[in-house]
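This is what each chain is made of:
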Amino acid sequence: MNQNQPKVDKTVEDEFDQDFADIFDELLDLDIEEDVYDSVKKDLKALGPVRDKGQIDYQSDKFDPNKIAIVDLQKLQKVMEEQHSVSINNEEHLSHISAYKNALVCTTEMAQKVASLSIDFPNFSHVIEDLVDRITLLSIKSKHLSVQSINLDGPPGVGKTTFVRALAATLGVDFFDLTISAMMSKFELCGGNPHWKNATCGRLAEYMLEKTNNFQPIILLDDLCSVYTGTESEHTLLPVLLNILEPHQAKHFKDQFYDLEIDLSGVIFISTTNQFSRLPENIQSRLSNYEIGLPEGEQFSRVVQNIYQGLVVENDLSDIFSKQLNEAVIGKLQNTNLRHIKRLLTQTINQAYKRSAAVSLEPTQIAVSLADLNLLEKSNQSGLPECQRVLH
(Lines give C-alpha, C1' and ligand atoms only; values in the text may rest on other atoms or scores of the structure.)
Protein backbone atom coordinates (compact mmCIF):
# COMPACT_ATOMS: atom_id res chain seq x y z
CA MET A 1 0.00 0.00 0.00
CA ASN A 2 1.22 3.49 -0.86
CA GLN A 3 2.57 5.16 2.29
CA ASN A 4 0.85 8.41 1.25
CA GLN A 5 -2.45 6.65 0.72
CA PRO A 6 -4.95 7.73 3.40
CA LYS A 7 -6.12 4.94 5.68
CA VAL A 8 -9.58 3.57 5.02
CA ASP A 9 -12.31 4.54 7.44
CA LYS A 10 -13.10 1.21 9.10
CA THR A 11 -16.40 2.21 10.65
CA VAL A 12 -19.12 -0.28 9.79
CA GLU A 13 -22.21 1.56 8.64
CA ASP A 14 -25.38 0.84 10.62
CA GLU A 15 -27.35 -0.03 7.54
CA PHE A 16 -24.74 -2.50 6.32
CA ASP A 17 -26.37 -5.92 6.13
CA GLN A 18 -25.36 -8.00 9.14
CA ASP A 19 -25.17 -11.06 6.88
CA PHE A 20 -21.90 -9.67 5.52
CA ALA A 21 -20.29 -9.09 8.89
CA ASP A 22 -17.75 -11.91 8.58
CA ILE A 23 -16.77 -10.89 5.07
CA PHE A 24 -16.54 -7.25 6.09
CA ASP A 25 -14.32 -8.08 9.06
CA GLU A 26 -11.89 -9.86 6.77
CA LEU A 27 -11.84 -6.90 4.39
CA LEU A 28 -10.99 -4.58 7.27
CA ASP A 29 -7.91 -6.63 8.05
CA LEU A 30 -6.58 -6.45 4.50
CA ASP A 31 -3.98 -3.91 3.51
CA ILE A 32 -5.91 -2.60 0.52
CA GLU A 33 -6.25 0.73 -1.19
CA GLU A 34 -9.32 2.85 -0.57
CA ASP A 35 -10.78 2.58 -4.09
CA VAL A 36 -10.55 -1.22 -4.01
CA TYR A 37 -12.09 -1.28 -0.53
CA ASP A 38 -15.00 0.90 -1.60
CA SER A 39 -15.58 -1.18 -4.73
CA VAL A 40 -15.77 -4.45 -2.81
CA LYS A 41 -17.98 -2.88 -0.18
CA LYS A 42 -20.34 -1.62 -2.87
CA ASP A 43 -20.50 -5.02 -4.52
CA LEU A 44 -21.27 -6.69 -1.21
CA LYS A 45 -24.18 -4.37 -0.53
CA ALA A 46 -25.69 -5.19 -3.90
CA LEU A 47 -25.54 -8.95 -3.45
CA GLY A 48 -28.50 -9.53 -1.17
CA PRO A 49 -28.52 -11.76 1.92
CA VAL A 50 -26.21 -14.59 2.91
CA ARG A 51 -23.24 -15.24 0.64
CA ASP A 52 -20.25 -17.48 1.26
CA LYS A 53 -17.18 -15.37 2.01
CA GLY A 54 -15.14 -17.85 -0.03
CA GLN A 55 -16.78 -16.39 -3.12
CA ILE A 56 -14.83 -13.14 -2.86
CA ASP A 57 -11.54 -13.04 -4.69
CA TYR A 58 -9.78 -10.37 -2.63
CA GLN A 59 -6.94 -9.94 -5.09
CA SER A 60 -9.22 -8.94 -7.96
CA ASP A 61 -12.13 -7.63 -5.85
CA LYS A 62 -14.49 -9.62 -8.09
CA PHE A 63 -17.44 -11.54 -6.73
CA ASP A 64 -17.56 -15.10 -8.06
CA PRO A 65 -20.66 -17.07 -7.02
CA ASN A 66 -19.12 -20.21 -8.46
CA LYS A 67 -16.09 -20.22 -6.17
CA ILE A 68 -16.75 -21.95 -2.86
CA ALA A 69 -14.57 -22.28 0.23
CA ILE A 70 -14.52 -25.90 1.46
CA VAL A 71 -12.51 -25.17 4.62
CA ASP A 72 -12.22 -22.30 7.07
CA LEU A 73 -9.42 -20.18 5.66
CA GLN A 74 -8.01 -19.07 8.99
CA LYS A 75 -7.99 -22.59 10.41
CA LEU A 76 -6.37 -23.90 7.27
CA GLN A 77 -3.65 -21.27 7.51
CA LYS A 78 -3.05 -22.21 11.14
CA VAL A 79 -2.78 -25.91 10.30
CA MET A 80 -0.38 -25.18 7.46
CA GLU A 81 1.83 -23.14 9.75
CA GLU A 82 1.81 -25.85 12.42
CA GLN A 83 2.56 -28.59 9.92
CA HIS A 84 5.43 -26.61 8.45
CA SER A 85 6.95 -26.18 11.88
CA VAL A 86 6.77 -29.85 12.86
CA SER A 87 7.38 -31.71 9.61
CA ILE A 88 9.57 -30.60 6.75
CA ASN A 89 8.32 -33.61 4.75
CA ASN A 90 4.87 -32.04 4.53
CA GLU A 91 5.99 -28.71 3.08
CA GLU A 92 5.76 -29.74 -0.54
CA HIS A 93 2.20 -31.02 -0.49
CA LEU A 94 0.99 -28.29 1.88
CA SER A 95 2.05 -25.70 -0.68
CA HIS A 96 -0.53 -27.12 -3.10
CA ILE A 97 -3.48 -26.96 -0.71
CA SER A 98 -6.38 -24.88 -1.97
CA ALA A 99 -9.38 -23.77 0.09
CA TYR A 100 -11.44 -22.51 -2.84
CA LYS A 101 -13.09 -24.75 -5.44
CA ASN A 102 -14.92 -24.03 -8.66
CA ALA A 103 -18.57 -25.07 -8.63
CA LEU A 104 -20.22 -26.50 -11.72
CA VAL A 105 -23.32 -24.63 -12.90
CA CYS A 106 -26.08 -26.61 -14.59
CA THR A 107 -26.94 -25.64 -18.17
CA THR A 108 -29.06 -27.08 -20.95
CA GLU A 109 -25.84 -27.75 -22.86
CA MET A 110 -24.59 -29.87 -19.94
CA ALA A 111 -27.86 -31.83 -19.97
CA GLN A 112 -27.47 -32.48 -23.70
CA LYS A 113 -23.89 -33.70 -23.28
CA VAL A 114 -24.89 -36.11 -20.51
CA ALA A 115 -27.82 -37.35 -22.60
CA SER A 116 -25.40 -38.23 -25.40
CA LEU A 117 -23.78 -40.82 -23.12
CA SER A 118 -26.69 -43.15 -23.89
CA ILE A 119 -25.11 -43.77 -27.31
CA ASP A 120 -22.08 -45.49 -25.79
CA PHE A 121 -23.83 -46.74 -22.63
CA PRO A 122 -27.33 -47.87 -23.60
CA ASN A 123 -27.57 -50.18 -20.58
CA PHE A 124 -27.20 -47.07 -18.36
CA SER A 125 -30.09 -45.23 -20.01
CA HIS A 126 -32.19 -45.10 -16.80
CA VAL A 127 -29.27 -43.56 -14.89
CA ILE A 128 -28.61 -41.06 -17.67
CA GLU A 129 -32.28 -40.06 -17.94
CA ASP A 130 -32.47 -39.25 -14.21
CA LEU A 131 -29.24 -37.25 -14.37
CA VAL A 132 -30.49 -35.29 -17.37
CA ASP A 133 -33.78 -34.54 -15.60
CA ARG A 134 -31.90 -33.31 -12.53
CA ILE A 135 -29.51 -31.12 -14.52
CA THR A 136 -32.35 -29.69 -16.61
CA LEU A 137 -34.32 -28.77 -13.49
CA LEU A 138 -31.32 -27.06 -11.87
CA SER A 139 -30.45 -25.24 -15.11
CA ILE A 140 -33.71 -23.24 -14.95
CA LYS A 141 -32.16 -21.02 -12.29
CA SER A 142 -28.53 -21.78 -13.21
CA LYS A 143 -27.93 -23.58 -9.94
CA HIS A 144 -24.89 -25.59 -8.95
CA LEU A 145 -24.97 -29.28 -9.80
CA SER A 146 -26.02 -31.43 -6.85
CA VAL A 147 -26.82 -35.12 -7.10
CA GLN A 148 -27.84 -37.66 -4.48
CA SER A 149 -25.21 -40.38 -4.10
CA ILE A 150 -25.66 -43.07 -6.75
CA ASN A 151 -25.08 -46.81 -6.63
CA LEU A 152 -24.63 -48.94 -9.76
CA ASP A 153 -25.46 -52.54 -8.98
CA GLY A 154 -24.60 -55.32 -11.39
CA PRO A 155 -22.20 -58.14 -12.21
CA PRO A 156 -18.55 -57.48 -13.08
CA GLY A 157 -17.81 -56.42 -16.63
CA VAL A 158 -21.02 -54.50 -17.46
CA GLY A 159 -19.14 -51.20 -17.77
CA LYS A 160 -19.87 -49.56 -14.42
CA THR A 161 -16.44 -48.00 -13.86
CA THR A 162 -16.08 -47.08 -17.53
CA PHE A 163 -19.42 -45.26 -17.40
CA VAL A 164 -18.46 -43.28 -14.29
CA ARG A 165 -15.18 -42.22 -15.90
CA ALA A 166 -17.07 -41.14 -19.03
CA LEU A 167 -19.57 -39.17 -16.93
CA ALA A 168 -16.76 -37.29 -15.18
CA ALA A 169 -15.14 -36.48 -18.54
CA THR A 170 -18.49 -35.29 -19.93
CA LEU A 171 -19.09 -33.01 -16.95
CA GLY A 172 -15.49 -31.79 -17.07
CA VAL A 173 -14.72 -32.71 -13.45
CA ASP A 174 -11.96 -34.75 -11.86
CA PHE A 175 -12.43 -38.46 -11.25
CA PHE A 176 -11.04 -40.35 -8.25
CA ASP A 177 -11.31 -44.09 -7.67
CA LEU A 178 -11.47 -45.55 -4.16
CA THR A 179 -11.53 -49.35 -4.06
CA ILE A 180 -13.31 -50.12 -0.80
CA SER A 181 -12.29 -53.78 -0.77
CA ALA A 182 -8.62 -52.75 -0.67
CA MET A 183 -9.02 -50.45 2.34
CA MET A 184 -7.93 -51.78 5.71
CA SER A 185 -8.92 -48.88 7.97
CA LYS A 186 -11.12 -45.82 8.22
CA PHE A 187 -7.96 -43.75 8.61
CA GLU A 188 -7.33 -44.19 4.90
CA LEU A 189 -10.42 -42.06 4.36
CA CYS A 190 -10.38 -39.63 7.28
CA GLY A 191 -6.67 -39.45 8.16
CA GLY A 192 -4.67 -40.44 11.22
CA ASN A 193 -3.78 -38.60 14.40
CA PRO A 194 -0.93 -36.20 13.49
CA HIS A 195 0.96 -37.31 16.61
CA TRP A 196 1.13 -40.88 15.32
CA LYS A 197 4.24 -41.96 13.50
CA ASN A 198 3.82 -41.93 9.70
CA ALA A 199 0.31 -40.47 10.00
CA THR A 200 -1.05 -38.72 6.91
CA CYS A 201 -4.22 -37.01 5.84
CA GLY A 202 -7.05 -39.17 4.51
CA ARG A 203 -7.66 -39.79 0.84
CA LEU A 204 -10.72 -37.52 0.83
CA ALA A 205 -8.78 -34.57 2.24
CA GLU A 206 -5.93 -35.29 -0.17
CA TYR A 207 -8.27 -35.27 -3.17
CA MET A 208 -10.25 -32.20 -2.16
CA LEU A 209 -7.49 -29.98 -0.79
CA GLU A 210 -4.60 -30.96 -3.02
CA LYS A 211 -5.67 -32.68 -6.22
CA THR A 212 -8.76 -30.95 -7.54
CA ASN A 213 -10.08 -27.48 -8.19
CA ASN A 214 -13.63 -28.83 -8.50
CA PHE A 215 -16.31 -28.44 -5.84
CA GLN A 216 -18.13 -31.40 -7.44
CA PRO A 217 -15.53 -33.99 -8.46
CA ILE A 218 -16.74 -37.55 -8.92
CA ILE A 219 -15.42 -40.02 -6.35
CA LEU A 220 -16.05 -43.67 -7.13
CA LEU A 221 -16.56 -45.99 -4.16
CA ASP A 222 -15.80 -49.20 -5.99
CA ASP A 223 -16.96 -52.56 -4.64
CA LEU A 224 -18.90 -50.94 -1.80
CA CYS A 225 -20.65 -54.20 -0.90
CA SER A 226 -17.31 -55.48 0.43
CA VAL A 227 -17.29 -52.93 3.27
CA TYR A 228 -16.89 -54.49 6.72
CA THR A 229 -20.05 -53.79 8.71
CA GLY A 230 -19.00 -55.11 12.11
CA THR A 231 -19.15 -52.67 15.01
CA GLU A 232 -16.46 -54.26 17.19
CA SER A 233 -13.59 -52.71 15.24
CA GLU A 234 -12.68 -49.05 15.61
CA HIS A 235 -11.13 -49.22 12.17
CA THR A 236 -14.34 -50.00 10.26
CA LEU A 237 -15.12 -47.69 7.33
CA LEU A 238 -18.86 -47.71 8.01
CA PRO A 239 -19.12 -44.54 10.18
CA VAL A 240 -17.09 -42.55 7.65
CA LEU A 241 -19.24 -43.78 4.75
CA LEU A 242 -22.42 -42.91 6.62
CA ASN A 243 -21.03 -39.43 7.11
CA ILE A 244 -19.96 -38.66 3.56
CA LEU A 245 -23.06 -40.15 1.90
CA GLU A 246 -25.35 -37.80 3.83
CA PRO A 247 -25.01 -34.27 2.35
CA HIS A 248 -25.71 -32.40 5.60
CA GLN A 249 -23.06 -34.43 7.41
CA ALA A 250 -20.67 -34.37 4.46
CA LYS A 251 -20.64 -30.58 4.69
CA HIS A 252 -18.80 -30.97 8.01
CA PHE A 253 -16.55 -33.93 7.25
CA LYS A 254 -13.53 -33.89 9.55
CA ASP A 255 -10.07 -35.06 8.58
CA GLN A 256 -8.26 -36.14 11.74
CA PHE A 257 -4.76 -35.41 10.46
CA TYR A 258 -5.53 -31.77 9.68
CA ASP A 259 -8.16 -31.50 12.44
CA LEU A 260 -10.23 -29.55 9.94
CA GLU A 261 -13.83 -29.66 8.79
CA ILE A 262 -13.99 -30.02 5.00
CA ASP A 263 -17.12 -29.38 2.97
CA LEU A 264 -17.72 -32.50 0.86
CA SER A 265 -21.38 -31.68 0.20
CA GLY A 266 -20.66 -30.96 -3.45
CA VAL A 267 -18.83 -34.23 -4.16
CA ILE A 268 -20.67 -36.62 -6.48
CA PHE A 269 -20.24 -39.99 -4.81
CA ILE A 270 -20.96 -42.98 -7.05
CA SER A 271 -20.60 -46.47 -5.67
CA THR A 272 -20.62 -49.85 -7.37
CA THR A 273 -21.82 -53.17 -6.00
CA ASN A 274 -22.35 -56.72 -7.19
CA GLN A 275 -25.00 -57.34 -4.53
CA PHE A 276 -26.72 -54.18 -3.30
CA SER A 277 -28.78 -56.19 -0.81
CA ARG A 278 -25.59 -56.97 1.14
CA LEU A 279 -25.22 -53.34 2.16
CA PRO A 280 -26.51 -52.24 5.58
CA GLU A 281 -29.91 -50.56 5.41
CA ASN A 282 -28.53 -47.25 6.65
CA ILE A 283 -26.13 -47.22 3.69
CA GLN A 284 -28.81 -48.34 1.23
CA SER A 285 -31.08 -45.49 2.31
CA ARG A 286 -28.41 -42.94 1.38
CA LEU A 287 -28.05 -44.20 -2.20
CA SER A 288 -30.13 -44.03 -5.35
CA ASN A 289 -29.67 -47.58 -6.60
CA TYR A 290 -29.74 -48.59 -10.28
CA GLU A 291 -29.63 -52.16 -11.56
CA ILE A 292 -27.14 -52.46 -14.43
CA GLY A 293 -27.08 -55.52 -16.67
CA LEU A 294 -25.26 -56.51 -19.83
CA PRO A 295 -26.68 -54.76 -22.88
CA GLU A 296 -28.80 -57.05 -25.04
CA GLY A 297 -29.68 -57.31 -28.72
CA GLU A 298 -29.18 -54.07 -30.61
CA GLN A 299 -27.76 -52.42 -27.47
CA PHE A 300 -25.06 -55.09 -27.21
CA SER A 301 -24.17 -54.71 -30.88
CA ARG A 302 -23.86 -50.94 -30.46
CA VAL A 303 -21.65 -51.23 -27.37
CA VAL A 304 -19.29 -53.75 -29.01
CA GLN A 305 -19.08 -51.57 -32.13
CA ASN A 306 -18.18 -48.60 -29.91
CA ILE A 307 -15.46 -50.61 -28.14
CA TYR A 308 -14.01 -51.73 -31.48
CA GLN A 309 -14.13 -48.24 -32.99
CA GLY A 310 -12.57 -46.79 -29.84
CA LEU A 311 -9.65 -49.22 -30.10
CA VAL A 312 -9.13 -48.37 -33.78
CA VAL A 313 -9.17 -44.61 -33.17
CA GLU A 314 -7.14 -44.81 -29.96
CA ASN A 315 -4.36 -46.68 -31.74
CA ASP A 316 -4.48 -44.50 -34.88
CA LEU A 317 -5.56 -47.39 -37.10
CA SER A 318 -8.50 -45.75 -38.89
CA ASP A 319 -6.64 -45.80 -42.20
CA ILE A 320 -6.00 -49.53 -41.93
CA PHE A 321 -9.06 -51.14 -40.33
CA SER A 322 -12.68 -51.02 -41.45
CA LYS A 323 -15.03 -48.73 -39.56
CA GLN A 324 -17.51 -51.44 -38.66
CA LEU A 325 -16.98 -54.74 -36.88
CA ASN A 326 -18.37 -57.85 -38.56
CA GLU A 327 -21.76 -58.83 -37.08
CA ALA A 328 -20.63 -62.47 -36.95
CA VAL A 329 -17.84 -61.46 -34.59
CA ILE A 330 -20.32 -59.57 -32.42
CA GLY A 331 -22.57 -62.62 -32.34
CA LYS A 332 -19.68 -64.78 -31.17
CA LEU A 333 -19.05 -62.37 -28.30
CA GLN A 334 -22.65 -62.45 -27.07
CA ASN A 335 -22.93 -63.00 -23.30
CA THR A 336 -19.23 -62.16 -22.80
CA ASN A 337 -18.67 -59.43 -20.26
CA LEU A 338 -17.50 -56.09 -21.60
CA ARG A 339 -14.20 -56.13 -19.74
CA HIS A 340 -13.17 -59.32 -21.55
CA ILE A 341 -14.58 -58.11 -24.86
CA LYS A 342 -12.18 -55.17 -25.00
CA ARG A 343 -9.25 -57.48 -24.29
CA LEU A 344 -10.41 -59.98 -26.89
CA LEU A 345 -10.92 -57.35 -29.56
CA THR A 346 -7.44 -55.96 -28.94
CA GLN A 347 -5.95 -59.40 -29.58
CA THR A 348 -8.25 -60.10 -32.52
CA ILE A 349 -7.25 -56.82 -34.20
CA ASN A 350 -3.62 -57.91 -33.86
CA GLN A 351 -4.49 -61.31 -35.34
CA ALA A 352 -6.29 -59.70 -38.29
CA TYR A 353 -3.33 -57.45 -39.01
CA LYS A 354 -0.92 -60.41 -38.98
CA ARG A 355 -3.20 -62.29 -41.38
CA SER A 356 -3.39 -59.34 -43.74
CA ALA A 357 0.32 -58.58 -43.54
CA ALA A 358 1.07 -62.14 -44.61
CA VAL A 359 -0.53 -61.50 -48.00
CA SER A 360 -0.08 -57.75 -48.47
CA LEU A 361 2.75 -55.37 -47.66
CA GLU A 362 0.37 -52.39 -47.47
CA PRO A 363 -2.85 -53.53 -45.77
CA THR A 364 -5.81 -51.19 -46.10
CA GLN A 365 -9.29 -51.45 -44.63
CA ILE A 366 -8.70 -54.76 -42.90
CA ALA A 367 -11.92 -56.38 -41.75
CA VAL A 368 -11.71 -58.31 -38.49
CA SER A 369 -13.35 -61.64 -39.21
CA LEU A 370 -14.89 -64.51 -37.29
CA ALA A 371 -11.95 -66.62 -38.49
CA ASP A 372 -9.57 -64.28 -36.66
CA LEU A 373 -11.53 -64.67 -33.45
CA ASN A 374 -11.79 -68.43 -33.83
CA LEU A 375 -8.06 -68.70 -34.48
CA LEU A 376 -7.39 -66.75 -31.33
CA GLU A 377 -9.70 -69.05 -29.40
CA LYS A 378 -7.96 -72.19 -30.62
CA SER A 379 -4.42 -70.94 -30.26
CA ASN A 380 -2.63 -72.44 -27.29
CA GLN A 381 0.13 -69.89 -27.69
CA SER A 382 -2.10 -66.82 -27.41
CA GLY A 383 -1.23 -66.27 -23.75
CA LEU A 384 -4.87 -65.51 -23.04
CA PRO A 385 -6.39 -68.57 -21.39
CA GLU A 386 -8.91 -66.40 -19.54
CA CYS A 387 -10.15 -64.91 -22.82
CA GLN A 388 -10.40 -68.36 -24.34
CA ARG A 389 -12.58 -69.53 -21.47
CA VAL A 390 -15.08 -66.70 -21.71
CA LEU A 391 -15.88 -67.58 -25.33
CA HIS A 392 -17.32 -70.96 -24.38
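Before any of the text, the structure's been laid out above.
Below you will find a few notes about this structure. Just so you know, the residues in each chain are numbered from 1, in the order the chain's sequence is written. Local features in this predicted model are restricted to residues of pLDDT 70 or higher, and side-chain atom pairs are both shown and tallied only at a pLDDT of 80 or more, whereas totals for entire chains, interfaces and linings draw on every residue. Side-chain descriptors were evaluated using all non-hydrogen atoms of the structure, hydrogens and water having been removed beforehand.

## Focus on the overall build of the protein
Inclusion rule: Each helix is a run of DSSP H or I of at least 4 residues and each strand a run of E of at least 2, with the numbering of both proceeding from the N terminus. Type-normalised accessible area, obtained with a 1.4 Å probe on protein chains alone, sets the label of each residue: buried when under 20%, exposed when over 50%, and partly exposed for intermediate values.
Counting secondary structure elements, the protein contains 17 helices and 11 strands. In the protein, which comprises 392 residues, the proportion classed as buried is 45%.

## Digging into the packing of aromatic side chains
Selection rule: Ring geometry is summarised as follows: Phe, Tyr and Trp rings, the Trp one being its six-membered ring, pair when their centres sit within 6.5 Å, and such pairs are stacked at plane angles under 30 degrees, edge-to-face over 60 and tilted between the two.
Under the counting rule described, the total for this entry stands at five aromatic pairs. Seen from their ring centres, Phe121 and Phe124 are 6.0 Å apart, and the 85° between their planes marks the pair as edge-to-face. The two residues Phe121 and Phe124 agree in class, both being buried. A network of ring pairs unites the aromatic residues Phe121, Phe124 and Phe163 as a single cluster.

## Points about helix α15 (residues 338-357)
To keep things clear, this is the line we draw: Expected span of a helix: the number of residues minus one, times 1.5 Å.
Across its 20 residues, α15 extends 28 Å between first and last C-alpha, which sits within 8% of the 28 Å expected from 1.5 Å per residue. Buried residues of α15: Leu338, His340, Ile341, Leu344, Leu345, Thr348, Ile349, Gln351, Ala352 and Ser356, and no others.

## Some points on the sheet that holds strand β6 (residues 175-179)
Heads up, the condition is: Note on pairing: two strands pair once DSSP finds at least 2 bridges between them. Axis definition: a line fit to C-alpha positions, over the contact stretch in the case of helices; interaxial angles, taken between N-to-C directions, run 0 to 180 degrees. Contact between two residues is taken to exist if any of their heavy atoms lie within 4.5 Å; hydrogens are not considered.
Read across the open sheet, the five strands follow the order β6-β7-β10-β5-β11; overall the sheet is parallel. Either end of the sheet is taken by a strand with one partner, and the two such strands are β6 and β11 (288-291). Averaged over all pairs of adjacent strands, the angle between their axes in this sheet comes to 20°, without regard to strand direction. As judged from the four bridges shared by strand β7 (residues 218-222) and strand β10 (residues 268-273), these two strands associate in the parallel manner. Note on β10: the bridge partner recorded for Ile218 is Ile268. Across the sheet, helix α6 (residues 125-139) is in contact with β5 (150-153) and β11; its angle to β11 comes to roughly 145°. Where helix α9 (residues 203-211) meets the sheet, it contacts β6, β7 and β10, and its direction lies at approximately 170° from that of β6.

## Overview of α6
Put simply, the test is: Think of the arc as the fan of directions from the helix axis to the C-beta atoms.
Between its terminal C-alpha atoms α6 stretches 21 Å, which fits the 21 Å expected from 15 residues at 1.5 Å a residue. Of all the positions in α6, only Val127, Ile128, Leu131, Val132, Ile135, Leu138 and Ser139 are classed as buried. Projected onto a plane normal to the axis of α6, the buried residues spread over an arc of 135° and lie on a single side. Facing away from the buried surface of α6 by more than 90 degrees, the exposed residues are Asp133 and Leu137. Here the buried face of α6 lies against α5 (108-115), β5, α7 (160-171) and β11.

## What to know about the environment of Ile330
Here Ile330 is to be found in helix α14 (residues 327-332). When the C-alpha positions of Ile330 and Leu370 are compared, they lie 8.8 Å apart, and in sequence the two are 40 residues distant. When residues no more than four places from it in sequence are discounted, the contact partners of Ile330 are Phe300, Ser301, Val304, Gln305 and Leu325.

## Considerations on the pairing of β10
Burial of β10 is extensive: six of the six residues sit out of reach of the surface. Here β10 shows no split at all, with Ile268, Ile270 and Thr272 on one side and Phe269, Ser271 and Thr273 on the other all buried. Here β5 pairs with β10 via four bridges, running parallel. Within β10, the position partnered with Ile150 by the bridge is Ile270.

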